[in-house]
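# A closer look at the structure
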Amino acid sequence: MSDSDSTETAAGGALGRVVGKAKAALGSLTGNDALQREGNLQQAQSDAEQQAEKEKEAAELRLRELSVEEQRAEAAAERDRLRTELEAEDHKERIEDDAARREQEIARAAAQERAAIEKREELQERASDATEAAALHRRAVDAAEIARLEREAKGADYTANVIDPEAK
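Rules and cut-offs
Every chain is numbered on its own, with residues counted from 1 as its sequence reads. Given that the model is predicted, a residue must reach a pLDDT of at least 70 before its local features are reported, and side-chain atom pairs must reach 80 or more before they are shown or counted; all residues, however, enter totals for whole chains, interfaces and linings. Note that the side-chain values use all heavy atoms of the structure and ignore hydrogens as well as water. Axes here mean lines fitted to C-alpha atoms, for a helix over just the part in contact, with angles spanning 0 to 180 degrees between N-to-C directions. The way it works is that DSSP assigns letters per residue, a run of H or I at least four long becomes a helix, a run of E at least two long becomes a strand, and they are numbered from the N terminus. Any angle that is under 35 degrees is reported as roughly parallel, and any over 145 degrees as roughly antiparallel; angles of 65 to 115 degrees are reported as roughly perpendicular and all others as oblique. In this scheme the crossing of two helices becomes right-handed for a clockwise turn of the near helix relative to the far one and left-handed for an anticlockwise turn of less than a right angle. Whether two residues touch is decided by their heavy atoms; if any such pair falls within 4.5 Å, the residues are in contact. Side-chain classes follow a simple rule in which Ala, Val, Leu, Ile, Met, Phe, Trp, Tyr, Cys and Pro form the nonpolar group, Asp, Glu, Lys and Arg form the charged group, and the remainder, Gly included, forms the polar group. In the sections that follow, a salt bridge refers to a side-chain nitrogen of Lys or Arg positioned within 4 Å of a carboxyl oxygen of Asp or Glu. Remark: exposure states derive from per-residue accessible area (1.4 Å probe, protein chains only) relative to the maximum for the residue type, with buried under 20%, exposed over 50%, and partly exposed in between.

### Concerning the packing of helix α1 (residues 13-30) against helix α2 (residues 33-163)
Close contact between α1 and α2 brings their axes to 7 Å; oriented N to C, the two are set at 160°. With respect to α2, the element α1 is oriented roughly antiparallel. The interaxial crossing formed by α1 with α2 has left-handed handedness. Facing α1, whose interface residues are Gly13, Ala14, Gly16, Arg17, Val19, Gly20, Lys21, Lys23, Ala24, Leu26, Gly27 and Ser28, α2 presents Leu35, Gln36, Glu38, Gly39, Asn40, Gln42, Gln43, Ser46, Asp47, Glu49 and Gln50. Class assignment of the residues belonging to the contact of α1 with α2 gives a composition of five nonpolar, twelve polar and six charged.

So, in structure tokens, the structure goes:
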């Protein structure tokens with residue numbers, strides 16, 4: 001390859017750097033500027049490739065870190081969502097328990113009130129029955145008294161007729 005026909009291609013990586021240094025040194029010793037320039041170019045390209053590889057690895061590492069951070073954030077959000085959901089369920093259960101307890105208290109109070117009403121009605125009915133029985137007894141006593149008085153009046157009329165038959 002002549003100086004004017006050189007395509008100045010360079011191999012990359014660590015081997016490319018060593019080869020580039022060798023070319024640059026050989027070109028400098030022999031006075032071949034094209035070879036020296038190709039060696040320097042190969043070294044620069046090798047350095048650039050190594051730098052690009054380091055930056056690529058750093059970028060991949062950062063992407064993995066971001067992915068881990070994103071997963072942590074998602075896990076934290078899911079944990080918060082689940083905690084909120086559990087708290088909401090607990091709150092709902094407490095509300096339902098309170099409502100059930102209130103319903104039981106209302107039912108108990110209503111049952112007590114019904115029992116008290118039934119007791120009052122029973123007492124009133126007993127009092128009414130007692131009043132009615134007393135009235136019936138009083139009527140019977142009065143009827144017996146009327147019958148006695150009527151008998152006495154008939155007896156007195158009879159005696160009066162016997163004593164004075166013309167007084168009629």
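### Quick notes on the pattern of salt bridges
Enumeration according to the criterion identifies 13 salt bridges in this entry. For Lys23, the salt bridge goes to Glu38, with nearest N and O atoms at 2.7 Å. Taken together, the positions of Lys23 in helix α1 and Glu38 in helix α2 put the pair 15 residues apart, joining distant regions of the chain. On the accessibility criterion, Lys23 (22% relative accessible area) is partly exposed.

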